[in-house]
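In case you want the letters, here they are:
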Amino acid sequence: MHSHASITPLDATADMRGRTAIALFATAVTLVCILLIKPGSMAHFAWFFCVWTLFVMLFHREETGRFALAFLVNSALIGVFVLVQSTVFPDTYGTTSPLTATWTDDSYFFSAVADSVPPEMLTREEFWLYEPVFTKLIRAITPLAIYHPLDALFFQSGTAALLATFSAKLMLQLSRDRHMANVVFTFAVICPFLLMNGGAILLRDTLTAALFVYTLCCINDRRFVRAGLALLLQVAVRPGTGAILMFAYPIIYFIEIRDFVGRRPISTALSAILIVLGSAFALPFAVEYVGGMYSTGAVTLLGREVYTDLSADSSVNALFLSIQQMPFVVKLILNAAYIFMYPFLSIRTVFETQHFDARSFLLNLVAPIYSLWLNAWFFAGALRGKPVIDRQRGILIALAVVLILVGTYSLQTRHKTIIYPLYYILVAVGFAKASQNSRRLGYALAGLLFLVQVASQFR
């Protein structure tokens, strides 16, 4: 049995006042940034806040306050990021820096969703040839015209808030401990990696991770229709990572599936037949999809082709490329370790440039240093002998399997975003419940990984 965290009325009142003050301050920061960047985006901020909050109120009323707080904090971070980027690099209009903006997905997604694109804005050529489901979704829920990246970015505040809110809800379902749920919520809201991979940038990764943890929460609440719809949307938005996450569900719910098979063997057999038939029907389309990517050199039979995409000039990329030359079993483990350690400390990338790049600063300096503590608590939670929450071992195994699959078949480091809900669950376990020995071991392992990153700076 898990003990409920005791909260007195005085504590609850103080907590509510603190959250209200944070929400008001975040809203003020957002409004000031919008006025400095593009005053017309005020309507988009209000619209997306109302639409997202209405969704949560209708289907998850008890989570409305926490969701609204996360939305407003993320919106303030969006405002600051876009203000800095658009000031330093005016041609980007707040998207990623001009060193890579022609090929980054955030400027591409803006181009696909916008009613018109500023003629001087750096973006991908012939962006109109393909419209992703992601941009169709944004267009479907807003009647407002989009002329600036800020007009669409507040949709991302909803996805970031969804991820933080339901990661906390998942921890509460697993532990019945509000303190641990609050730890997960706080880490998810202020995570620089999540912010730079969908929280403040127009990318799909945070939405995919949010839909994953939302699906888990709906399954735990036995709201299977909502879980199914979220799962379908997750696959539609990003088929590749959606397919990878399919391996996580049976691992997390292994005991329930095993018990179901034992009680209902006939239903299980019929389900297996339907899955086989569905797979046979989908196989030709999957082969055509993969074959099309292979013909363009995007993937190989064992994963995405990286040799023409990554430069050996970077010590990190050189390490990654060398891993791909190793035997397959060794590559599985090392790829997973590489994805887990990313983003890597890179002081030169941050300081040896003519202009300040906020995304580079957060990913190459802030996130690696911040991860020193996060990884310490993660290892402490993962290595704790006796589980303190439900499905703790299943979550750890699922996280490891997803890391292996992302490292081997995706090879896109930002796709690591999908593990963060599970990652922060184990971080909270280590932060709040780890034994002294587990905590020491966690700090030792995290410190060793950080020293490896520091040593790589001298190569």
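Draft legend 1. Main features of the nonpolar core. The biggest cluster of nonpolar side chains holds 116 residues, and the ones touching the most others in it are M171, L202, F378, Y423 and Y424. Sort the elements by how many residues they give to this core and helix α6 (residues 149-175) lands first, with 14 residues. Setting aside residues no more than four positions away along its own chain, L202 makes contact with D105, D106, F109, F110, V113, F134, I138, A152, L153 and Q156.

Draft legend 2. Structural detail: the confidence of the model for the protein. On average, residues of the protein score 82 in pLDDT, and 79% of them reach the 70 mark or higher. Across residues 1-6, where pLDDT falls below 50, the model places 12 contacts with residues more than four positions away in sequence or in other chains. Here residues 286-308 scores under 50 on pLDDT; set against residues more than four positions off or in separate chains, the count is 27 contacts.

Draft legend 3. Representation of the packing of aromatic side chains. For the coordinates displayed, the defined rule picks out 31 aromatic pairs. Ring plane angle 35° and centroid distance 6.4 Å describe the contact between F45 and F71, whose orientation is recorded as tilted. Taken together, the residues span a long stretch of sequence, with F45 in helix α2 (residues 42-59) and F71 in helix α3 (residues 64-88) at a distance of 26 residues. An identical accessibility class is assigned to F45 and F71; each is buried. Across the ring face of F185, the terminal group of R19 is positioned such that the distance to the ring centre comes to 6.0 Å. Across from the ring centre of F193, 5.5 Å away, lies the NZ or CZ of K416, which sits over that ring.

Draft legend 4. Representation of the packing of α3 against α6. Running from amino to carboxyl end, α3 crosses α6 at an angle of 140°, the nearest separation of the two axes being 8 Å. Of the possible angle classes, the one that applies to α3 and α6 is oblique. The chirality of how α3 crosses α6 is right-handed. Where α3 abuts α6, its residues R66, F67, A70, F71, N74, S75, I78 and V82 lie against L150, L153, F154, Q156, S157, G158, A160, A161, L162, A164, T165 and A168.

Draft legend 5. Spatial organisation of the pattern of salt bridges. Overall, the coordinates contain 12 salt bridges when judged by the stated rule. Ionic pairing is found between K433 and D177, a salt bridge with its closest N-O pair at 3.6 Å. With K433 in helix α20 (residues 420-433) and D177 in the loop between α6 and α7 (178-189), the pair connects residues that are 256 residues apart, well separated along the chain. With a closest N to O distance of 3.2 Å, D205 and R238 form a salt bridge. Here D205 is found in helix α9 (residues 205-220), whereas its partner R238 is found in the loop between α10 (224-237) and α11 (239-245), with 33 residues between them in sequence. Owing to a relative accessible area of 2%, D205 belongs among the buried residues under this scheme. The network of salt bridges with shared partners includes E62, E63, R66, K169 and D221.

Draft legend 6. Representation of unusual backbone geometry within the structure. Look at the link from Y342 to P343: it is a cis peptide, with omega at 5°. Its location among the elements puts P343 in the loop between α16 (328-341) and α17 (347-351). Phi angles above zero are rare outside glycine, and Y93 is one such case at about 55°. Looking at the element boundaries, Y93 is found in the loop between α3 and α4 (105-113). By relative accessible area, which is 18% here, Y93 ends up buried. Positive phi outside glycine occurs at R176, with the angle close to 55°. Note that R176 resides in the loop between α6 and α7. According to the relative accessible area criterion, R176 is partly exposed, its value standing at 30%.

Rules used throughout
- Residues numbered from 1 in each chain as written.
- Predicted model: local features only at pLDDT ≥ 70, side-chain atom pairs only at ≥ 80, totals over all residues.
- Heavy atoms only, no water.
- Core = buried A, V, L, I, M, F, W, Y, C linked by side-chain atoms within 4.5 Å.
- Buried < 20%, exposed > 50% of the residue type's maximum accessible area, 1.4 Å probe, protein only.
- Helix = DSSP H or I, 4+ residues; strand = E, 2+ residues; numbered from the N terminus.
- Contact = heavy atoms within 4.5 Å.
- pLDDT = per-residue confidence, 0-100.
- Phe/Tyr/Trp six-rings, centres within 6.5 Å; stacked < 30°, edge-to-face > 60°.
- Lys NZ or Arg CZ within 6 Å of the ring centre and 35° of its normal.
- Axes fitted to C-alpha atoms, helices over the stretch in contact; angles between N-to-C directions.
- Parallel < 35°, antiparallel > 145°, perpendicular 65-115°, else oblique.
- Left-handed = near helix turned anticlockwise from the far one by under 90°.
- Salt bridge = Lys/Arg side-chain N within 4 Å of Asp/Glu carboxyl O.

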